[in-house]
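# Structural overview
Spelled out, the chains give:
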Amino acid sequence: MTSNEHDMIRNVRTQGQAMLLEVHGEVDLHNSPDLRGQLLRLLADASPKALVLNLGGVPYMDSSAIAVLVELLGRVRKGGGVMCLTHLQPRVKALLEIARLETIFRFFPADAEALASLGK
Amino acid sequence: MTGPKYEMEIPADAKLIAPVRHAIEEQAHRLGFDETACGEIGLCVNEAMANVIRHAYHGNAGRLRVESFFDGESLHVRIRDWGSGVTPDLYAKKDKNPFEAGGLGLVCMGRLMDKVSFTPQDVGMLLEMTRRRRVLKQDGDENCWSKA
């Protein structure tokens, strides 16, 4: 089943100028508006130089979730930041590739690699 | 092997996308489709239902009928709605701009299913999607897949 708003985002933390968080659950049209709302609220009071989304807890997402990620990317870029996606599961990675987003987001196997890349 | 035919008439409600997707993925799995194919079929069912909810009914109340059956060669999924009846342009989005909103569902259907057609009805639309089951050839060549 898809997740509800209350448990989709976990373990929000900052490290230097980076904001890191985990997303959990399947995301589709039913709950992507909730995910969007939560993510935009998190960014309302912050302008991280990097937003690192750990998607290891997301076995599935649809195009409505992709739209949320693209909107989020626009917000982060507007503030001069970058957005990294980590721990991508196969179905999620496949959809991102169909959407040709592998060249726009930065994919990393783990958060540590994403953070390490920021200084380069 | 053809397996049972699934037919369900449901409200056009986004919370029903996941259970319908899971049911058809499970059907495809039991019919011998590989894991990747099951996931791709499920994604296309998801995107088709979402398009009906967003574009045929514009988020308003409505209903849709989902049928899926296997003919011994291919899994057929039919999604009927009684909404706006506008035929999506399946091919216009093949070179979709990643930053452009919308259209990704149609791209998925066009790329992941073997055949997709939209047939306007007196009221609404009938979407038919077909995905062939691929079987490993008997000669054991793991790289050689053929359509069943």
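A brief structural summary. Chains are numbered independently. Their residues run from 1 in the order of the written sequence. Working convention: letters from A go to chains and numbers from 1 go to ligands, in the order in which they are written. With pLDDT at 70 or above as the cut-off, local features in this predicted model cover only qualifying residues; side-chain atom pairs require 80 or more to be listed or tallied, and sums for whole chains, interfaces and linings still use all residues. Processing note: side-chain calculations cover all non-hydrogen atoms of the structure and skip hydrogens and water entirely.

## Some details on the interface of chain B and chain A
Interface size is commonly expressed as the accessible surface area that is lost when the partners come together. Here, residues are in contact when the closest pair of their heavy atoms is within 4.5 Å. On the side of chain A, 22 residues touch chain B, which itself brings 26 residues to the contact. By definition, the buried area sums, over both parts, the 1.4 Å-probe accessible area that each loses when the two are put together. Both sides of the chain B and chain A interface together cover about 1900 Å² of buried area, and 63% of this is carbon and sulfur. Note on definitions: salt bridges are taken to be side-chain nitrogens of Lys or Arg within 4 Å of carboxyl oxygens of Asp or Glu. Counting every contact that joins chain B to chain A gives two salt bridges. Across the salt bridge formed by R21 of chain B and E26 of chain A, the nearest N and O atoms sit 2.8 Å from each other. Between N or O atoms, a polar contact is any pair within 3.5 Å; within protein, one atom must be a potential hydrogen donor and the other a potential acceptor, and residues adjacent in sequence are included only when both atoms are from side chains. Across the contact surface, chain B and chain A share eight residue pairs in polar contact (both at pLDDT 80 or more). Here a helix means four or more residues in a row that DSSP labels H or I, a strand means two or more in a row labelled E, and each is numbered from the N terminus. Mapped by element, the contributors of at least two residues to the side of chain B that touches chain A are helix 1 (17-30), helix 2 (35-56) and helix 3 (104-112) of chain B.

## Describing the nonpolar core
L53, L55 and M61 of chain A together with M129 of chain B are the most contacted members of the largest nonpolar core, which totals 77 residues. Not counting chain neighbours up to four residues away, the residues in contact with L53 of chain A comprise L21, V23, L69, L72, M83, C84, L85 and T86 of chain A. We define a nonpolar core as any set of buried Ala, Val, Leu, Ile, Met, Phe, Trp, Tyr and Cys residues linked to one another through side-chain atoms lying within 4.5 Å. Each residue is placed in one exposure class: buried if its accessible area under a 1.4 Å probe, protein chains only, is under 20% of its type's maximum, exposed if it is over 50%, and partly exposed if it falls in between. Judged by nonpolar contacts, the second largest core, of eight residues, contains L20, A50, V52 and L115 of chain A.

## Digging into the packing of aromatic side chains
Residues and elements named next belong to chain B. The pairing test for Phe, Tyr and Trp rings, Trp by its six-membered ring, is centres within 6.5 Å, and the orientation test on the planes gives stacked under 30 degrees, edge-to-face over 60, and tilted for anything in between. Here the structure, examined in full by the defined rule, presents one aromatic pair over all chains. Considering the side-chain rings of F33 and F70, the 6.0 Å spacing of their centres and the 80° angle between planes classify their relative orientation as edge-to-face. Highlighted residues: F33 in the loop between helix 1 and helix 2 and F70 in strand 2 (residues 63-70), separated in sequence by 37 residues. Accessibility classification places F33 together with F70 in one group, the buried group.

## Considering the packing of helix 1 of chain B against helix 2 of chain B
Residues and elements named next belong to chain B. An axis is simply a line fitted to the C-alpha atoms; with a helix, the fit covers only the stretch in contact. Between two such axes, the angle follows the N-to-C directions and lies from 0 to 180 degrees. Remark: helix 1 packs on helix 2, axes separated minimally by 9 Å, with the N-to-C direction vectors making an angle of 150°. The pairing of helix 1 with helix 2 is recorded here as roughly antiparallel in orientation. Considering how the two elements wind past one another, helix 1 and helix 2 form a crossing that is right-handed. Residue-level inspection shows I17, V20, R21, I24, E25, A28 and H29 of helix 1 in contact with helix 2, the latter providing C38, G39, I41, G42, L43, V45, N46, M49, A50 and I53. In this scheme, roughly parallel covers angles under 35 degrees and roughly antiparallel covers those over 145, while 65 to 115 is roughly perpendicular and the rest are oblique. Helix crossings are classified by the rotation of the near helix relative to the far one: an anticlockwise turn of less than a right angle makes the crossing left-handed, while a clockwise turn makes it right-handed.

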